[in-house]
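Geometric and topological summary
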Amino acid sequence: MRIAPLSLFVSAALLSVSVWAQDTATVTAIESERSEKQAELDRYTQILDKHVAEEARLQSQLELLRSNSTELDKEKNQALDAMNDLYRRLIDDPSIDISSAQMRYQQSVADHKANKEDIAMQLAAIASHRKDIEQIRVSKHTLVNTLASLKDQLSTARVERLRNEFTREGTLEVEHTINCKRTETLAACEQRGQQLGLQKATKRFIDQIFANLTEQRAVEPKRHLAGAQVQVVSSHVIGSAFSGQGNYSVNLSVTMRGDVNNSRLCGLLALDNRFCSEYGTPLSVGYQASYPTTFSDSQLTFKDELDKPTPSVPSVTAMQPKTEIKSQIIQQSPQDRQVDLTLRSNVYDDEVFIDGVSYGSTKLVVSVPLGSYDIEIRKLGYESYKARVDVRRARTINAKLIKKPESIAAPTPKREQVERQVAVQKSVTPNLVENKVVIIPAGSFQMGDLTGNGLANERPVVEKVLSHSYAMQSNEVTVAEFRQFIISTGYQTEAEKGTGCAHYKNGEPIWESEYNWSNPGFEQAENFPVVCVTYEDAKAYANWLSAEQGIQYRLPNEVEWEYAARAGTSSEYPWGNEIGRGLANCGWCGSEWSNKSPSPVGEFSPNNYGLYDTVGNVWEWTQKRASQDDVTVRGGAWNFAPSLARVSTRLALAPDFRANYIGFRLVRER
C-alpha cells in the first residue's frame, strides 16, 4: 500500500513534533515580546515628543517673562522717579496729592516681584521637566537595547527552529515495482528494487521536510544552497513478490533522519552568519555511526527506467519472495570519510596553517579526511597557536592568541603584567597603556544612516567636510590615566559626590550609590576604559591634561567622532555590514567580555585610522554644541546590542548622567 505524503511521519517523529512546537512557541513568544516592547517604545516616543514640545512652550514662556521683566523694571524705576518728584514738590506745597504715585509705585514693585517669582517657578518647572525628559530618554535607550536584543534572540530562535525542522526523524512506507533485466539474477533484481525503493523513500522524505518548514516560502527558493541530507537510520522489507511477467514489487518501511549544513542556515533565512557560527557541521552532532548511509538533496533523483544507469550495490544471495529482510547499508571506508574542521580565533586577519599549508584566515571551515593534523594559527605581534589535533569526528577549535609583550603591533600589557603593577599603583600610578594620538586626515564623508538600519536620529544623511586634519587618542581613556588625574588634582567625580552610577540590572538602568570610576560594579584592571564619568568629568580631565602637556585637549564633536570612526568606509562597522563574532566587545558579539564588562583597551584590531574600540566596549562622550541641552554618546558598549554599535548610532543623554558603560576619548588640537 502506498502511504500518502501527509502521513509521512509516524510514531518515531512524535518527539520531534514536540520540539517543533516548542521552537515555534519560542519564536512566537519572542515576537510577541518584541511587539509589546515596540508598542511601549512608541508610547515613550509619543510621551517624549509631548514633553519636548511642552518644554519648548515653557522655554517660550520663560523668554516672555524675562522680556516682561525688563519692561516691569523700567516701569518700577519710572514710578519711583515720579513718586520722588512729587515728594520734593510736597515740601513746598503740602496740598499735593501723592497717593496715585504711591499706588503706581507699589503696583510696579508688586508686578516686578510677581514676575520674578514667575520666572523662578518657570525655571523650576523647566528643570523638573528636563528630569522627566532625561528619564524618558534613558528608558527609551533601554527599550531600544531590549528590542535589539530581542531581534538577536529571535534570529537565534529561528535558526534553531529551522535546524530542528531539518533534523526531523520519521518512518515511511513505500511500494516500488521494477522490471527485472534478463541478464540479472533474481537476487540482483531484488536488491536493485529495494535500492530504488529506498531512494524513492528518501526523496519523498526530504521533499516533505521542505514542504513542512515553518518558513518554507523563504527557504524553498534557496533549496539548492541548503546542503540538505537524509540519513537512513534503518529499513526493512514488509513484503515483496515476483510476478510472472518478470516484475519485482517491494514494500519497504524506512526510518530516516534529516540533516542540513548548519553553517548555511543563516543564508537560508537571510541572517547575519554570526547566528550560525556556534553550530557544528552536517552529520556530526549527536548521531551514531551505525547507519552511515546518507543522501544529499542533489543526489535524491529517482530512476526506475530500464535504460537508465542503476546504482552500484553490493551483491547478495538470492532471497525468497515476501521474506522480511534488513536492507543492505552501504558502508563508507573510514579513509574516504571526510568531516568538517572549524577553526576560530580571538583576533582578526590571522592566518591558518594545516600541516604547513596556508588555508586563509579564521573563521575557517574545511573538510578533511579522518586523521591527525598539525594546526597553527599566526598573526604578527602575537604568539602563534599550535596544536596537534586528532580528527575522528567534526570538531571546532577555538584558538586564543596572546599578544607578545614587546610587540609594536600589541602595545597593551597583558593581565599578568597588570596584576603585578596594580600592587604599586597607589604610589607610582603607572600608565599601563600608552594612549598615542593618531592623525585623522582632512576630507569629506556622508554622515548618518547609510544603510537604512539606523534610528530616526541618524537621518537624514548629510555630507560633512573637515577642512583640516586633527589628532585623536587611539584608545579610550583608561583607569590608569584617569587615576593620575585624580591623584594630581584631588578631583571628585559627580558619581562620588552624588547618587553613584547607573548600571543595567535585568535590562533596566539602576542607580547604585557605591558605584564610581574606581568601583564600577565589575572587576577592572588599570588598562580598562574609565567609566562612571559624566560629561563634565570628562571635560575636567581634558582641561587637566591640556595644562599638564601644554597642548589643548578636548572631547571630539560628533562630526569628528563619526568621521574618524568610519575611517574612509561606508559600512556599518570597520570590517563590513555584519558584526561577526569576536571582532568587538558588545552585547552578544561573541567576545569573552560580552555582556560581562568592558575589555582592556586595544584588545581588538584598529580601524583604518588606527583607532581602537570605536565599535563597542564603552559609549564615548562627544562635545555638545552651545545650543544643545543634551550630550550625545557614540560607539556602543559591552552590554548593548550589536546594532547599537554601528558607526552612526547616537544616543542623547543629560550631561550629568553617568553609567558603567560610558567613557570617553579626546581630540588633541593641532
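Please refer to the structure placed before this passage.
If you're wondering where the values come from, they're calculated on a predicted model, not measured in any experiment.

Moving on, we come to the overall build of the protein. The number of helices and strands found in the protein is 11 helices and 25 strands. Each of the 670 residues in the protein was classed as buried or not, and the buried ones make up 48%. Intrachain contacts of the protein at a sequence separation of at least 6 include 72% that bridge at least 24 residues. Summed over its atoms, the accessible surface of the protein is roughly 32,500 Å², and 49% of this surface lies on carbon and sulfur atoms.

Here the idea is simple: oppositely charged side chains can pair when their charged atoms come close. All chains considered together, the criterion is met by 37 salt bridges. Between Arg274 and Asp272 there is a salt bridge; the shortest N-O distance is 3.4 Å. Beyond isolated ion pairs, a larger network of salt bridges with shared partners links Glu55, Arg130, Glu134, Arg137 and Asp630.

Taken in spatial order, the 4 strands of this open sheet run S23-S22-S21-S24, and their pairing is mixed. Taken across any chain shown, the strands that pair with only one partner, and hence form the sheet edges, are strand S23 (650–653) and strand S24 (662–663). Alignment of strand S21 (residues 619–621) against S24, held across 2 bridges, turns out to be parallel. Directly across from Glu620, in S24, lies its bridge partner Gly663. Seen against the sheet, helix H11 (residues 558–566) touches S21, strand S22 (631–634) and S23 and runs at an angle of roughly 10° to S22.

Let's shift gears to the sheet that holds strand S25 (residues 667–668). Here 4 strands make up an open sheet; going across it, the order is S14-S17-S25-S20 and the pairing antiparallel. Each end of this open sheet is capped by a strand with a single partner; those strands are strand S14 (437–440) and strand S20 (553–554). Each of S14, strand S17 (470–473), S20 and S25 is contacted by H11, which is oriented at about 75° to S17, the strand it contacts most.

Enumeration over the complete set of coordinates arrives at 4 disulfides. The side chain of Cys501 participates in a disulfide bridge whose partner is Cys532; the two sulfur atoms lie 2.1 Å from each other. Across the S-S bond linking Cys501 and Cys532, the dihedral sits near -85°, which makes this disulfide left-handed. With Cys501 in strand S18 (residues 501–505) and Cys532 in the loop between strand S19 (508–512) and helix H10 (535–549), this pair connects stretches of sequence that are 31 residues apart. With a relative accessible area of 0%, Cys501 lands in the buried category. Overall, the relative accessible area of 0% leaves Cys532 in the buried class. Two residues, Cys586 and Cys589, share a disulfide whose sulfurs are 1.6 Å apart. The S-S bond linking Cys586 to Cys589 shows a torsion near -60°; that makes this disulfide left-handed. With relative accessibility at 0%, the residue Cys586 sits in the buried group.

The final tally for this structure, using the stated rule, is 21 aromatic pairs. Judged by centre distance (5.2 Å) and plane angle (50°), the ring pair of Phe445 and Tyr563 falls under tilted. Taken together, the residues span a long stretch of sequence, with Phe445 in strand S15 (residues 443–447) and Tyr563 in helix H11 at a distance of 118 residues. Residue classification places Phe445 among the buried residues on the basis of a relative accessible area of 9%. Taken together, a centroid distance of 5.6 Å and an interplanar angle of 50° make the contact between Phe485 and Trp544 tilted. Within this pair, whereas Phe485 is found in helix H8 (residues 479–489), its partner Trp544 is found in helix H10, the two being separated by 59 residues in sequence.

Once that is clear, we can look at the environment of Gly616. Secondary-structure assignment places Gly616 in the loop between H11 and S21. Contact partners of Gly616, with chain neighbours within four places excluded, come to Glu476, Asn585, Cys586, Gly635, Gly636, Ala637 and Ala645.

Our focus in this paragraph is the nonpolar core. If you look at the biggest cluster of nonpolar residues, it comprises 49 residues, and the most contacted ones within it are Phe482, Tyr541, Trp619, Trp621, Tyr661, Ile662 and Phe664. Contributing elements (two or more residues each) for this core: helix H2 (99–166), H8, S18, H10, S21, S22 and S23. Per-element accounting of this core gives the leading share, 7 residues, to H10. By size, the runner-up hydrophobic cluster in this structure holds 34 residues, among which are Leu196, Ile209, Ala226 and Val250.

So, on to the packing of H8 against H10. Where H8 meets H10, the closest approach of the two axes is 10 Å, and the angle between their N-to-C directions is 75°. If you check the angle between H8 and H10, you find them roughly perpendicular. On the side of H8, the interface is formed by Glu481, Phe482, Gln484, Phe485, Ser488 and Thr489, while H10 contributes Asp537, Ala540, Tyr541, Trp544 and Glu548. Partitioned by chemical class, the residues of the contact of H8 with H10 number 5 nonpolar, 3 polar and 3 charged.

With that settled, consider the pairing of strand S2 (residues 229–242). In terms of strand pairing, S2 meets strand S3 (residues 247–259) through 12 bridges, oriented antiparallel. Looking across to S3, one finds that Gln231 is bridged to Arg257.

Each value, and the rule that gives it
Residues numbered from 1 in each chain as written. Predicted model: local features only at pLDDT ≥ 70, side-chain atom pairs only at ≥ 80, totals over all residues. Heavy atoms only, no water. Helix = DSSP H or I, 4+ residues; strand = E, 2+ residues; numbered from the N terminus. Buried < 20%, exposed > 50% of the residue type's maximum accessible area, 1.4 Å probe, protein only. Contact = heavy atoms within 4.5 Å. Areas by Shrake-Rupley, 256 points an atom, 1.4 Å probe, with all protein chains shown as cover. Salt bridge = Lys/Arg side-chain N within 4 Å of Asp/Glu carboxyl O. Pairing = 2+ DSSP bridges. Axes fitted to C-alpha atoms, helices over the stretch in contact; angles between N-to-C directions. Disulfide = S-S within 2.5 Å. Phe/Tyr/Trp six-rings, centres within 6.5 Å; stacked < 30°, edge-to-face > 60°. Core = buried A, V, L, I, M, F, W, Y, C linked by side-chain atoms within 4.5 Å. Parallel < 35°, antiparallel > 145°, perpendicular 65-115°, else oblique. Nonpolar A, V, L, I, M, F, W, Y, C, P; charged D, E, K, R; others polar.

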